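Understanding the architecture of this molecule
Okay, here's what each chain looks like letter by letter:
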Amino acid sequence: MPGMGISELPIPDGLVLRPFRGVRFAVDDPAKVTSPPYDLISDGDVHTLLDAHPNNVVRLILPAPPAPDAPVEHLPQSPDAPRPASETNTHNSPTRPPSFAPSRYSEARNTLLAWLKSGVLARDEHPALYVYEQRGQDVLQRGLIGDVGLTDPAQRIILPHEDVLPGPITDRLALMSTTQANLEPIFLLYDGDHGAATTLVDEVATTRPPLITAHTDDGLTHRLWAITDRAEIDAINADLHPRQALIADGHHRYATYRVLQRQQHLTHTTTTSPHEDTPAPESRTDTPDAESRTDPGMPRSSRRESSPWDFGLALLVDSTTYAPNLRAIHRVIPDLPLEEAVARAKGSWRVHDHEDLEQGLAALDSAVEPAFLLTGEGGVHLITNPDPVQLALAMPADHSDRWNSLNTSVLSEFVLPKVWGLEDNEQTVRIVHHDAEAAAGLAVATGGTAVILKPLAMDDVLAVAAGGERVPRKSTSFGPKPRTGLVLRTFAAD
């Protein structure tokens, strides 16, 4: 996206993780106010989370419109802010009805301010990097939560690997700009090679008492520690500076960070103060550790004073020490009956019929890629061995052979448009994370077809990203994902 005429944005010359004053819930059971990431929450999940605790963070990340008779303080929108657009609910349910009236975002802002005022949320006294651990049966992941310096993908410092869509970016932009906050971290992976940052993370997690311990219903225990020592923070950043990070989860939010950065710099170059009812960032000089606000990695010759919007909340995990779990994301096409999908596939694919979903999944697991399991009302069918001529004609010549071999690429470039005559967009295709049974159930409920995929290989994802390409949207689901609500970031605390 163009720089919108701003040539003086601070440009990190390496991977930077800045400390920040975390905002945390002051409640007896922190688990009850947390949630999964916003795009994994169904309508039913919202009710379950609010039943667990009325102050659950879901009220901030997926705000409902206020009641018609409720007083609402509206936030003026900047003239160049895009209008919110609909977004597909991406977790095991039909699309959430679009509700993007500005009052939704004002409701989140008002709730956030009310919770800060009442003490439900409290800002930590000192800026910190936070060690975050997720532990459960066969699960152990540790990393650092902090403010990551925003970079252009062309710099090859923070690598996206997946395409994004405008709807989710517009939605998250409206939420972030209205609340003046990053309410949940993106998930970054890096090759830490067991360096100083990872060594310190493990030392903190094994020798120091945590700030927070939360046991969530998914069987995981979440713990959080704060690193406030300047020397330790400097050592972490010295180790991180020459490394690259891969966006594992949060492509839309990272893209939103960069749009918000440009938008806020534009606003602040044309006015001497923010909107009078917008929470403004506090001066750095009024924090007890103003020196920790300096930004390592920002070249002095090309930078101006950095702002809160030059950073975004992120969890950074060393994938060499804590290898992520990479799972598939399935598709459901409600307007395509299974019988019709299979009939059309027979013109270019070999079709194998199976008795039930379990048998079909076993066959998919052993099939040579590309292969897809089609299911819905009345059957389970594995499609394999696509016609090589038709496949070659469908795949784009300007992409690498590795990109063209990915199952999600074959689906988006060949199966959907050529075999079925459909566009791969939010209106046509619904997304279901991980759960093949849920995808099959949604297909039956909508009279459509579920397309079950195998997960991509980690090596393929890394190679595609390193080559400057991006896999099709919703190709990967890395886990375990950071739990939302353990620590938030408000620009006012920066």
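Before reading further, recall that the structure is shown in the block above.
Residues numbered from 1 in each chain as written. Predicted model: local features only at pLDDT ≥ 70, side-chain atom pairs only at ≥ 80, totals over all residues. Heavy atoms only, no water.

1. A look at the sheet that holds strand 19 (residues 449-452)
The strands making up a sheet associate through backbone hydrogen bonding, with each pair oriented either parallel or antiparallel. In plain terms, the rule: Only strands joined by at least two bridges in the DSSP assignment are considered to pair. Secondary structure elements are taken from DSSP: a helix is a run of H or I of four residues or more, a strand is a run of E of two residues or more, and numbering for both begins at the N terminus. To obtain each axis, a line is fitted to C-alpha atoms, and for helices this fit is confined to the stretch in contact; angles are then taken between N-to-C directions over 0 to 180 degrees.
Here six strands make up an open sheet; going across it, the order is 15-17-16-19-14-18 and the pairing antiparallel. Two strands in the sheet have a free side with no partner beyond their single neighbour: strand 15 (350-354) and strand 18 (430-433). On average, adjacent strands in this sheet sit at an angle of 25 degrees to one another, irrespective of strand direction.

2. Topic: empty space enclosed by the protein
Note the following rule: Points on a 1 Å grid, built from protein atoms alone, make a cavity when a 1.4 Å probe fits but cannot get out and make a pocket when they are open with protein on both sides within 12 Å along at least 5 of 7 lines; residues with an atom within 4 Å of a point are the lining residues. Grid points are joined across faces, edges and corners, and a volume is the space filled by probe spheres set on the points. Amino acids are sorted into nonpolar (Ala, Val, Leu, Ile, Met, Phe, Trp, Tyr, Cys and Pro), charged (Asp, Glu, Lys and Arg) and polar (every other residue, Gly among them).
A complete count under the given rule lists eight cavities of 30 Å³ or more for this structure. Looking at the second largest cavity, its volume works out to about 140 Å³. Lining the second largest cavity are 13 residues, and of these Asp39, Asp249, Gly250, His251 and Lys474 lie nearest its centre. Only strand 11 (245-249) and helix 7 (251-270) provide two or more residues apiece to the lining of the second largest cavity. Among the elements that take part in the lining of the second largest cavity, helix 7 stands out by supplying three residues, more than any other. Its residues assigned to classes, the lining of the second largest cavity comprises three nonpolar, five polar and five charged.

3. Comments concerning the pairing of strand 8 (residues 186-190)
If a strand is regular, its side chains alternate between the two faces of the sheet. Put simply, the rule reads: For each residue, the accessible area found with a 1.4 Å probe, counting protein chains only, is set against the maximum for its type, and the residue is called buried under 20%, exposed over 50%, and partly exposed in between.
Extensive coverage of strand 8 is indicated by the burial of five of its five residues. By the bridge criterion, five bridges tie strand 8 to strand 12 (residues 311-318) in an arrangement that is parallel. Note that in strand 12 the partner of Leu189 across the bridge is Val317. Inspection of the sheet shows strand 8 paired to strand 11 by four bridges, in the antiparallel sense.

4. Notes on the pattern of salt bridges
In plain terms, the rule: The term salt bridge refers to a pairing of a side-chain nitrogen on Lys or Arg with a carboxyl oxygen on Asp or Glu at a separation within 4 Å.
The final tally for this structure, using the stated rule, is 20 salt bridges. In this structure, Asp39 engages Lys474 in a salt bridge whose closest nitrogen and oxygen atoms are separated by 3.4 Å. In this pair, Asp39 sits in the loop between strand 2 (23-25) and helix 1 (43-52) while Lys474 sits in the loop between helix 14 (458-466) and strand 20 (477-479), placing the two residues 435 residues apart along the sequence. The class of Asp39 is buried, set by a relative accessible area of 10%.

5. Side note on unusual backbone geometry
Cis geometry is adopted by the peptide bond preceding Pro370, which originates at Glu369 and carries an omega value of 0 degrees. Secondary-structure assignment places Pro370 in the loop between helix 9 (357-366) and strand 16 (372-376). The linkage connecting Gly479 with the following residue, Pro480, adopts the cis geometry, with an omega of -5 degrees. Relative to the helices and strands, Pro480 resides in the loop between strand 20 and strand 21 (489-490). You will see that His194, though not glycine, has its phi angle at about 55 degrees, which is positive. Considering the arrangement of structural elements, one finds His194 in the loop between strand 8 and helix 5 (196-207). Its relative accessible area of 52% is what places His194 among the exposed residues.

6. Let's talk about helix 12 (residues 407-419)
Which entries qualify depends on this criterion: Residue count minus one, scaled by 1.5 Å, sets the expected span of a helix. Any two residues whose heavy atoms approach within 4.5 Å at even a single point are treated as in contact.
Between its first and last C-alpha, helix 12 extends only 15 Å over 13 residues, short of the 18 Å set by a 1.5 Å rise per residue. Buried residues along helix 12 sit in contact with strand 14 (329-333), helix 8 (338-345), strand 16, helix 10 (388-394), helix 11 (401-405) and strand 19. After helix 12 finishes, the residue Gly421 shows a positive phi value of roughly 65 degrees.

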